[in-house]
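Understanding the architecture of this molecule
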Amino acid sequence: WKDNSANSLTKSVIAWITYMGGQAERISSQGQYREGKKISVGEGFKQLPGKWTPGQSTKGTADISATIKGRSVKIEVKYGRDVQSEVQKQYQASIERAGGVYIIVRSFDEFVEWYQKSFSAAMHTREYAEWMEGQVVFFEESETNPAGLRKHMDELRATFLPVLSKLDLSKE
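So, how was this worked out
Chains are numbered independently. Their residues run from 1 in the order of the written sequence. It should be noted that, the model being predicted, local features are given only for residues of pLDDT at least 70 and side-chain atom pairs only at 80 or more, the latter also being counted only at that level, while totals for whole chains, interfaces and linings use all residues. With hydrogens and water excluded, all non-hydrogen atoms of the structure serve as input to the side-chain values. In predicted models, pLDDT denotes the confidence assigned by the predictor to each residue on a 0 to 100 scale. In DSSP terms, a helix is any run of H or I states spanning at least four residues, a strand is any run of E spanning at least two, and both are numbered starting from the N terminus. Buried Ala, Val, Leu, Ile, Met, Phe, Trp, Tyr and Cys residues form a nonpolar core when they are joined through side-chain atoms within 4.5 Å. Burial status follows relative accessibility: with a 1.4 Å probe on protein chains alone, a residue under 20% of its type maximum counts as buried, one over 50% as exposed, and anything between as partly exposed. N or O atoms within 3.5 Å of each other form a polar contact, as long as, within protein, one can give a hydrogen and the other can take it, and as long as residues adjacent in sequence are counted only when both atoms are side-chain atoms. Residues are treated as being in contact if the distance between any of their heavy atoms lies within 4.5 Å. Note: two strands are recorded as paired if DSSP finds a minimum of 2 bridges between them.

Things to note about the confidence of the model for the protein
For the protein, the mean per-residue pLDDT works out to 80, and 73% of the residues sit at or above 70. Per-residue pLDDT, averaged within each element of the protein, yields its smallest value for helix 4 (residues 126-133) (65) and its largest for strand 8 (residues 101-105) (96).

Written as structure tokens, this is what we have:
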């Protein structure tokens, strides 16, 4: 788990949510530059100007959209001195008015603390215990904190990465 950049923090949050049985995805909201055509001019070519195509997502959308224990959760990742823009604040208000959860995450430990505080009651229900019994990965209660989860994930990597490196993934 890394949180030394906005990108690594985003990846870690998505991995945590997925590992804990939720669904999460990164939302890409930026536009795209499309190069202009190349045209023949005499013996050479000329590059025509390109065009910026704006993104099609909702302005101010969060970096991560997730479903955790049946709740719609939008997660805005802020790294360093980054702050919410006005349009992001408006987006947050619209999510909260609709009954969704919106959080701003600045570190992985902060996110895990929020997750445990928000969903720990659900983690101790009979339904959750039955659901966990059907999962492939089992963990101890002590592994649901950042240090324990890091240790567990390191053990999983040590087990599966050597196996994965021996697989020929180029064949279908």
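Focus: the nonpolar core
Residues Trp-16, Ile-17, Ile-75, Phe-111 and Trp-114 are the most contacted members of the largest nonpolar core, which totals 25 residues. Those elements that provide at least two residues to this core are helix 1 (6-19), strand 6 (64-68), strand 7 (71-77), strand 8, helix 3 (108-123) and helix 5 (146-166).

Describing the side chain of Glu-76
Inspection of the secondary structure assignment puts Glu-76 in strand 7. Residue Glu-76 is classed as buried on the basis of its relative accessible area of 2%. Within the structure, Glu-76 has its side chain in polar contact with the side chain of Lys-78 (distance 3.2 Å). A distance of 3.1 Å separates a polar atom in the side chain of Glu-76 from a polar atom in the side chain of Gln-88. Residues contacting Glu-76, with those up to four places away along its chain left out, are Thr-61, Ala-62, Asp-63, Gln-88, Tyr-102, Ile-103, Ile-104 and Val-105.

Observations regarding the pairing of strand 6
In terms of burial, strand 6 is a largely internal element, four of the five residues being buried. With four bridges connecting them, strand 1 (residues 23-26) and strand 6 associate as antiparallel partners. When the bridges of strand 6 are listed, Arg-26 appears paired with Ile-64. Here five bridges tie strand 6 to strand 7, and the two strands are oriented antiparallel to one another. In the sheet register, Ala-66 faces strand 7, and the bridge partner there is Val-73. Turn length for the strand 6-strand 7 hairpin, with the two strands adjacent in sequence and antiparallel, is two residues, and the turn residue Lys-69 shows positive phi of about 50°.

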